[in-house]
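A closer look at the structure
So you can see what is in the structure, the chains are spelled out below.
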Amino acid sequence: MSIEVTGVGKRFGDFVALDDVSVSIPTGQLTALLGPSGGGKSTLLRIIAGLEDADTGRIEIEGRDATDLSPQKRNVGFVFQHYAAFKHLSVARNVAFGLEIRKRPKDEIKARVHELLELVHLEQFADRRPGQLSGGQRQRMALARALAVKPTVLLLDEPFGALDAKVRKELRDWLRRLHDEIPVTTVFVTHDQEEALEVADEIVVINEGRIEQVGTPDQLYDEPANDFVMSFLGPVTSLGGVSVRPHDLEISTEDPGGGVAGTVVRSVRVGFEVRLEVRTSTESVQAVLTRTEARGLGVVDGTTVWLRPMLGAPTVRPTGLLVPAV
Amino acid sequence: MGEPVAAPGRSRSRRRGPLTYVFRLLVITYLVLLVAWPVSLVAKETFANGLESLRTTLSDPSVTFALKLTVIIAVQAVVINTVFGVGMSLLLVRYRFPGRRLLSALIDLPLSVSPVVVGLALVLVYGGRGGWFGPTLEDHGFQVIFATPGMVMATAFVSLPLVIRELVPVLEEVGTDQEQAAKSLGANAVQTFRRITLPAIKWALVYGVVLSLARSLGEFGAVKIVSGNFEGQTQTATLSVEQKYQDFQQATAYATSFLLASVSVACIVVVSLLRPRTEEKR
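Report follows, based on the coordinates. Because the structure is predicted, anything quoted here is derived from the model rather than measured. (Residues numbered from 1 in each chain as written. Chains lettered and ligands numbered in written order. Predicted model: local features only at pLDDT ≥ 70, side-chain atom pairs only at ≥ 80, totals over all residues. Heavy atoms only, no water.)

**As for the overall build of chain A**
What counts here: A run of H or I in DSSP becomes a helix once it reaches four residues, and a run of E becomes a strand once it reaches two; helices and strands are each numbered from the N terminus. The contact criterion used throughout is that any non-hydrogen atoms of two residues lie within 4.5 Å. Note on areas: Shrake-Rupley, 1.4 Å probe, and residue coverage restricted to the protein chains presented here.
Tallying secondary structure elements over chain A gives nine helices and 19 strands in all. Taken over the C-alpha atoms alone, chain A extends approximately 80 × 45 × 30 Å along its principal axes. Restricting to contacts in chain A with at least 6 residues of sequence separation, those with at least 24 account for 63%. Here chain A displays about 14,900 Å² of accessible surface, and carbon together with sulfur accounts for 50% of that area.

**Topic: the nonpolar core**
All names here are of chain A. Note the threshold: For our purposes a nonpolar core is just a set of buried Ala, Val, Leu, Ile, Met, Phe, Trp, Tyr and Cys residues, chained together by side-chain atoms within 4.5 Å. With a 1.4 Å probe rolled over the protein chains alone, any residue whose accessible area is under 20% of its type maximum counts as buried; one over 50% counts as exposed, and the rest are partly exposed.
The biggest cluster of nonpolar side chains holds 47 residues, and the ones touching the most others in it are V95, L117, L143 and I203. Top element by residues in this core is helix α4 (residues 135-148). It accounts for seven residues. With near-sequence residues (within four places) excluded, L143 lies in contact with V79, L154, L156, W174, L175 and L178. In terms of nonpolar packing, the next biggest core, distinct from the first, is built from 37 residues, L45, I47, A49 and L155 among them.

**As for helix α7 (residues 148-174) of chain B**
Residue and element names in this part refer to chain B. For clarity, the threshold we go by: For a helix, the expected span equals 1.5 Å multiplied by the number of residues minus one. A residue's bend is given by the angle between axes fitted to the 7 residues ending at it and the 7 residues starting at it.
With 27 residues, α7 should reach 39 Å at 1.5 Å per residue; the first-to-last C-alpha distance of 38 Å fits that figure. Helix geometry: α7 is bent most strongly at S159, by close to 45°, with proline P161 lying one to four residues after it. A positive backbone phi angle near 75° is found at G175, which sits one or two residues after α7.

**Description of the sheet that holds strand β1 (residues 3-12) of chain A**
All names here are of chain A. Under the convention used in this document: When DSSP finds two or more bridges between two strands, those strands count as paired. Orientation is described by axes fitted as lines to C-alpha atoms, over the contacting stretch for helices, and by angles from 0 to 180 degrees between their N-to-C directions.
Ordered by their spatial adjacency, four strands build an open sheet running β2-β1-β4-β5, and the pairing between neighbours is antiparallel. This sheet does not close on itself; its edge strands, each paired only once, are β2 (15-25) and β5 (64-65). Relative to strand β4 (residues 56-61), β1 runs antiparallel, the two being bridged by five bridges. Residue G9 lies in a different strand from β4, and its bridge partner there is T56. The strands touched by helix α1 (residues 41-49) are β1, β2 and β4; relative to β1, the strand with the most contacts, the crossing angle is about 120°.

**Considerations on the pairing of β1 of chain A**
Residues and elements named next belong to chain A. Two strands pair when backbone bridges link them, and β1 and β2 are joined in this way by seven bridges, in the antiparallel orientation. Note that in β2 the partner of V8 across the bridge is V21. Where β1 folds back on β2, the antiparallel hairpin that results is connected by two residues, among which G13 adopts a positive phi of roughly 65°.

**Focus: the packing of helix α3 (residues 106-119) of chain A against α4 of chain A**
For any two helices packed against each other, the geometry comes down to the angle between their axes and how far apart the axes lie. Residue and element names in this part refer to chain A. Stated precisely, the cut-off is as follows: Any angle from 65 to 115 degrees is called roughly perpendicular, while one under 35 is roughly parallel, one over 145 is roughly antiparallel, and all others are oblique. If you view the pair so one helix is near and one far, a crossing is left-handed when the near helix is turned anticlockwise from the far one by less than a right angle, and right-handed when it is turned clockwise.
α4 packs onto α3 with a crossing angle of 140° between their chain directions and a minimal axis gap of 9 Å. Comparing the axis directions of α3 and α4 gives the class oblique. In the packing of α3 onto α4, the handedness of the crossing is right-handed. Counting all contacts with α3, which are made through R112, L116 and L119, the residues of α4 involved are A144, L147 and A148.

**Points about unusual backbone geometry**
Backbone geometry follows two general trends: most residues other than glycine have a negative phi, and most peptide bonds adopt the trans configuration. Residue and element names in this part refer to chain A. For K103, which is not a glycine, the phi torsion comes out positive at approximately 55°. Mapped onto the elements, K103 comes out in the loop between α2 (91-101) and α3. Positive phi, normally seen in glycine, also occurs at E158, with a value near 40°. Tracing the sequence through the fold places E158 in the loop between β7 (153-157) and α5 (165-181). Owing to a relative accessible area of 10%, E158 belongs among the buried residues under this scheme.

**Comments concerning the pattern of salt bridges**
Basically, it comes down to this: Definition used for salt bridges: Asp or Glu carboxyl oxygen within 4 Å of a side-chain nitrogen of Lys or Arg.
Using the criterion set out here, one finds 30 salt bridges over all chains in the structure. E195 of chain A is the salt-bridge partner of R172 of chain A, the closest N and O atoms lying 3.9 Å from each other. Taken together, the positions of R172 of chain A in helix α5 and E195 of chain A in helix α6 (residues 193-199) put the pair 23 residues apart, joining distant regions of the chain. Judged by its relative accessible area of 1%, E195 of chain A falls in the buried class. Here R165 of chain B and D108 of chain B are joined by a salt bridge, their closest N and O atoms 2.7 Å apart. Placement of R165 of chain B in helix α7 and of D108 of chain B in helix α4 (residues 100-112) is noted, with a sequence separation of 57 residues between them. D108 of chain B sits in the partly exposed class, given a relative accessible area of 28%.

**Regarding a nonpolar patch on the surface**
Residue and element names in this part refer to chain B. Put simply, the rule reads: Nonpolar side chains (Val, Leu, Ile, Met, Phe, Trp, Tyr) within 5 Å and like charges within 9 Å form the patches, drawn only from residues with over 30% relative accessible area and no salt bridge.
Judged by side-chain polarity, L19, V22, F23, L26, V27, Y30, L31, L34, V35 and V39 come together as a nonpolar surface patch covering roughly 1,000 Å² of accessible area. With respect to the helices and strands, L26 occurs in helix α1 (residues 18-46). On the basis of relative accessibility, which here comes to 53%, the residue L26 falls in the exposed class.

**Section: the environment of F78 of chain A**
In this fold, F78 of chain A is placed in strand β6 (residues 76-79). When its relative accessible area of 3% is taken as the criterion, F78 of chain A is described as buried. Each C-alpha atom, one on F78 of chain A and one on R145 of chain A, is 9.1 Å from the other, the two residues being 67 residues apart in sequence. For F78 of chain A, the residues in contact, after removing those within four places along its chain, are L45, R46, A49, L51, A146, L155 and D157 of chain A together with S184 of chain B.

**A few points about the packing of α7 of chain B against helix α9 (residues 189-218) of chain B**
All names here are of chain B. For the pair α7 and α9, interaxial distance at closest approach is 9 Å and the crossing angle is 155°. With respect to their mutual orientation, α7 and α9 come out roughly antiparallel. The handedness of the crossing between α7 and α9 comes out as right-handed. On α9, the residues touching T155, V158, S159, L162, V163, E166, L167, V170, L171 and V174 of α7 are T197, A200, I201, A204, L205, Y207, G208, V209, L211, S212, R215 and S216.

**Some details on the interface of chain B and chain A**
This is how the line gets drawn: Note on definitions: buried area is the accessible-area loss of two parts on being combined, 1.4 Å probe, summed for both. When residue character is reported, Ala, Val, Leu, Ile, Met, Phe, Trp, Tyr, Cys and Pro are called nonpolar, Asp, Glu, Lys and Arg charged, and the others, Gly included, polar.
In this assembly, 15 residues from chain B lie in contact with 22 residues from chain A. Contact between chain B and chain A buries roughly 1,700 Å² in total, counting both sides, with carbon and sulfur atoms accounting for 59%. Of all residues in chain B, S184, L185 and R195 of chain B bury the most surface against chain A, accounting for 37% of the area lost on that side. At the junction of chain B and chain A, the tally comes to one salt bridge. A salt bridge links E100 of chain A to R195 of chain B; the shortest N-O distance between them is 3.2 Å. Elements with a contribution of two residues or more to the side of chain B that touches chain A: α8 (177-184) and α9 of chain B. In terms of residue count, the dominant contributor to the side of chain B that touches chain A is α8 of chain B (seven residues). In the side of chain B that touches chain A, the residues fall into six nonpolar, six polar and three charged.

Keep in mind these values describe shape, not function.
Structure representation (structure tokens):
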């Protein structure tokens, strides 16, 4: 395991940012720390980098105890949400910074900077100032700068958070490809579940200072540990007291056995899908089906339907326990 | 400025009515009567006999001594204020500690307290007779009051806020991201400061130092009290001007004043040349 976090706690005054967090982050993989704002994920990342001190607990990086090491001795690459570009230095000098600090020979620095600028597609901007670059370019520069010193781990704090949606998506795909090319252990913080599901090999869900679940994107989506993970990763509705995804509901116009009866009170078609609101005797349930399915069943407002979770669909009781699939 | 449409939120009169000209005339008259005319008279008096009075002034050993001493004291005070100013600014912006706001308020004190009070306060602490530390220091052969150290202290005290008040807003604006990035790239505290922090605050620092220098050269009240004003020993240029004026050597007084004023004007020119450049940099 590349990064070993053991019993880490951190408070800011009365606010508990991290509450006895332990997690292992695997070598060579792209791991996402996912959770809502203020949940403690950035704090955890900054503690791993040494930019913040933990009140309790230990951090181990590649088998070496890093708890009391200063950030400059941890050999981690850190990428900030707002780039933290060195404004007074050219793009090339920004990338060269870590190497200059390490007093590498001039030729080696030049060669490495050139190689990295090529990697992040900024070779033609080498002599520009960061101020003359777009947000996406600046973040690629920051990434090259962090990679230049060959860090043991690469840490990215909401790296695409300050970019617009289109650039965000491009950079996300690009980061995934870059990681496949250079498989350095990477941890990135995000509050965007789509970003985490799409890019990460492994996801750590953090909420209110605690780890809710650790797993691959598929595990998290298909076997959410609790209601929070389930609702954070995608849409959720409630049927007969259990949480289930709206597209995992089986809808029939005759009782299939074990179904809950209800009346369609509203149907909205959005592109290829039809969203239904079904009122049962106790609650209001959201269901989603394709246009073809909806036509086949002939559901309109007022139709009586029977709902039950599909075979193998993940369902969770709001108490947090995983219910075996029906 | 010449745009036909006034910027929103700012009430700028679009038409130049007669009232505009009246206001301008008022402002110009005010400035001429208060600043330009008196200062120009100093220059006029200095050059009333061509370069004669400047020549006599610069050959007067007590004046050249005073000018030299002023420069020595101002340079020392500015060096002290630069080092402490940078340190204090970093402390105020980068760290949170109890008493931080009190410290911040204390730094502004020299701006509001009369320099004479500063001088007296220093005498109370460091005076050779009856001061708190003074006798002890003098027993060890270190005289503060009526000597250069006291004069440097008084000057540094008076111009202390100038560097800090320039640096603090710039440091706040720059933030800590770049410094943290430098640290994570392996830079130690000294490297981070020299390569990242210093370039970011460079122009504000130059501006603060120039202001501080101008203020130090012109310091009068505090220095008069702590120096004892001994001609040829602890008399600075400003003190010399006062004495020459009272001794009916007006020509020398005017010439020395002119030299002091020229340095200040030079400072203002340097600063106004720097100002637009700092704004462009941001």
